[in-house]
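Next come the chains, spelled out residue by residue.
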Number of protein chains: 2
Amino acid sequence: MTYCLAIQLHDGIVFASDSRTSAGVDHVTTYRKMHVFDRFEDRIFVLLSAGNLATTQEVLSRIQRDLETDRGAQSLGSVPHLSDAARYVGELSHAVQSRYAAALEKVGQTGEVTFIVGGQIRDQPQDIHLVYPQGNFISASPDAPYLQIGETKYGKPILDRVIVPGLNLEDAARCALVSIDSTIRSNLSVGPPIELAIYEKGELALSHHLTLKRNSPYYVSLQKHWNQGIRRAFETLPRFDWE
Amino acid sequence: MTYCLAIQLHDGIVFASDSRTSAGVDHVTTYRKMHVFDRFEDRIFVLLSAGNLATTQEVLSRIQRDLETDRGAQSLGSVPHLSDAARYVGELSHAVQSRYAAALEKVGQTGEVTFIVGGQIRDQPQDIHLVYPQGNFISASPDAPYLQIGETKYGKPILDRVIVPGLNLEDAARCALVSIDSTIRSNLSVGPPIELAIYEKGELALSHHLTLKRNSPYYVSLQKHWNQGIRRAFETLPRFDWE
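Source: prediction; values computed, not measured. (Residues numbered from 1 in each chain as written. Chains lettered and ligands numbered in written order. Predicted model: local features only at pLDDT ≥ 70, side-chain atom pairs only at ≥ 80, totals over all residues. Heavy atoms only, no water.)

Colleague: Help me understand the interface of chain B and chain A, please; the structure alone is not making it clear to me.
Modeller: The figure often quoted for interface size is the accessible area lost as the parts come together. Each partner contributes residues to the interface: chain B has 43 residues there, and chain A has 43 residues. Counting the surface lost from both chain B and chain A, the interface buries some 4,400 Å², and carbon and sulfur atoms represent 64% of this. By the criterion of area lost to chain A, the three top residues of chain B are Arg161, Phe234 and Phe240 of chain B, representing 20% of everything that side buries. In this structure, the connection of chain B to chain A is made through six salt bridges. Between Glu151 of chain B and Lys153 of chain A there is a salt bridge whose closest N-O contact spans 2.6 Å. For the pair chain B and chain A, the interface holds 24 residue pairs in polar contact (both at pLDDT 80 or more). For the side of chain B that touches chain A, the secondary-structure elements that each account for two or more residues are α3 (156-162), α4 (169-186), β11 (194-200), β12 (206-212) and α5 (217-235) of chain B. Of the residues forming the side of chain B that touches chain A, the biggest block, 12 residues, is contributed by α5 of chain B. Within the side of chain B that touches chain A, the residues separate by chemical class into 21 nonpolar, eight polar and 14 charged. (Contact = heavy atoms within 4.5 Å. Buried area = accessible area lost by both parts, 1.4 Å probe. Salt bridge = Lys/Arg side-chain N within 4 Å of Asp/Glu carboxyl O. Polar contact = N/O pair within 3.5 Å; in protein donor to acceptor, adjacent residues only side chain to side chain. Helix = DSSP H or I, 4+ residues; strand = E, 2+ residues; numbered from the N terminus. Nonpolar A, V, L, I, M, F, W, Y, C, P; charged D, E, K, R; others polar.)

In structure tokens form, the structure reads like this:
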């Protein structure tokens, strides 16, 4: 499995992802699930992916090819709006899945992938979209300012307690790391390194892009402080009336 | 959905459950999912249930009938070991499900129920068992001292950070409440009142059995303190090196 999330804030967007990939039980390995497209003058995109690795790689390779042969064809470099980028990724993804659907169905599998597509084009509003395997997509809202894909449930409570659109980018990034760390602790199929990208609105470039390995000093320190904080929070809980 | 859990500790067992039942979208209501059998001299059982409400009610009614006509027949009053109680509940559950399986399959449903069966018989060890819809069952272990059924993922991280077998009963009960509260906040299908039962090893009776409604002062206070504690924990997290 996988766990990726994107948080839409007044000041920008935070993207985070784990790196565990399992193609069957014996083939657990590490792949990046965050794909940054920032070689443009007037736009930036970050893609997060959860699902079939073969589909993901083929979609990414088609995105790359469309960029290289950009003569009138649709590509991330030419889409007029961010929602067109989401629709474009959805179409590619659905086309790739369809090609292998019959063969995969025979072995009880699907080639499904869910994407998050976020970023900004020129002075248009920044946004994040969740692209379903079927190609349709939704965006975040002020009431639900984050999107998650993959193994989403373990890390949701901390987001629901902390994330509001007015949070600053660094606090939101810390919350994303805690959300992923909680998932890693509770689910073997999600694992480090954790990739973290911070996009400041209007910059059209990432302000920070980190890879936190299991023994990265910042990640170790964050885990330690969070565990201590949780323990302290726990000790302050009210006693029952018979205690 | 539902969320129930049982925590096996050196000092006893903590049981907790929500009370939201949804039979279709329009029929959301409240049912107890914790069923206490404590009218015996030499034993006590607590059952927690997650799944089809009709199956649950028929299983409970059969358990009750077997208790009332206890002449040589198997019943919770006569099973020699706790694992026999789990096997007995599993057999009843599977038999009830089988009766309606064909009819339910036609409308794309199952009558599946998962149970947790915990308690103690005489001076035998206390224990908790998770009984699958198929009737087979597992018990908790020192490495995994809790069992969950229903909507289990949201509330798992806090258990994984706090629960160890040596924790005292009240702290484990608070952790169970936080685990359920986190689930309630993140998932509409789980809701109060929360039922909480604390069993002290060797007592063969519950020491405490509470129902916490949405506006119960203790539950409100627990939520407030936990939210404050999480916020404080959050504020103590290490800054990034560029901050």
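Colleague: I keep staring at the relation of the copies chain B and chain A and nothing clicks. Help me out?
Modeller: Comparison of the two chain copies shows a relationship of rotation about an axis with a shift along it. Expressed as a screw transformation, the operator carrying chain B onto chain A has a rotation angle of 180° and an axial translation of 0.0 Å, and the superposed copies differ by an RMSD of 0.0 Å. Taken together, the rotation angle and the small translation identify this as a two-fold axis. Measuring from the rotation axis to each C-alpha of chain B, the shortest distance belongs to Tyr154 of chain B, at 2.3 Å. Take the interface residues of chain B: 100% of them recur as interface residues in chain A, which is what a same-surface contact looks like. (Least-squares fit on C-alpha atoms with pLDDT ≥ 70 in both.)

Colleague: Even after reading the chapter, I still don't get the packing of helix α1 (residues 53-68) of chain B against helix α2 (residues 82-106) of chain B, so can you show me in this structure?
Modeller: The packing of two helices is summarised by the inter-axis angle and the distance between the axes. All names here are of chain B. Two elements in contact, α1 and α2, have axes whose closest approach is 9 Å; the angle formed by their N-to-C orientations is 130°. As the angle between them shows, α1 and α2 are arranged oblique. By crossing handedness, the relation of α1 to α2 is classed as right-handed. Residues Thr55, Glu58, Val59, Arg62, Ile63 and Asp66 of α1 lie in contact with α2, whose contacting residues are Tyr88, Val89, Leu92, Ser93, Ala95, Val96, Gln97, Arg99 and Tyr100. Classifying every residue of the contact of α1 with α2 by side-chain character gives eight nonpolar, three polar and four charged. (Axes fitted to C-alpha atoms, helices over the stretch in contact; angles between N-to-C directions. Parallel < 35°, antiparallel > 145°, perpendicular 65-115°, else oblique. Left-handed = near helix turned anticlockwise from the far one by under 90°.)

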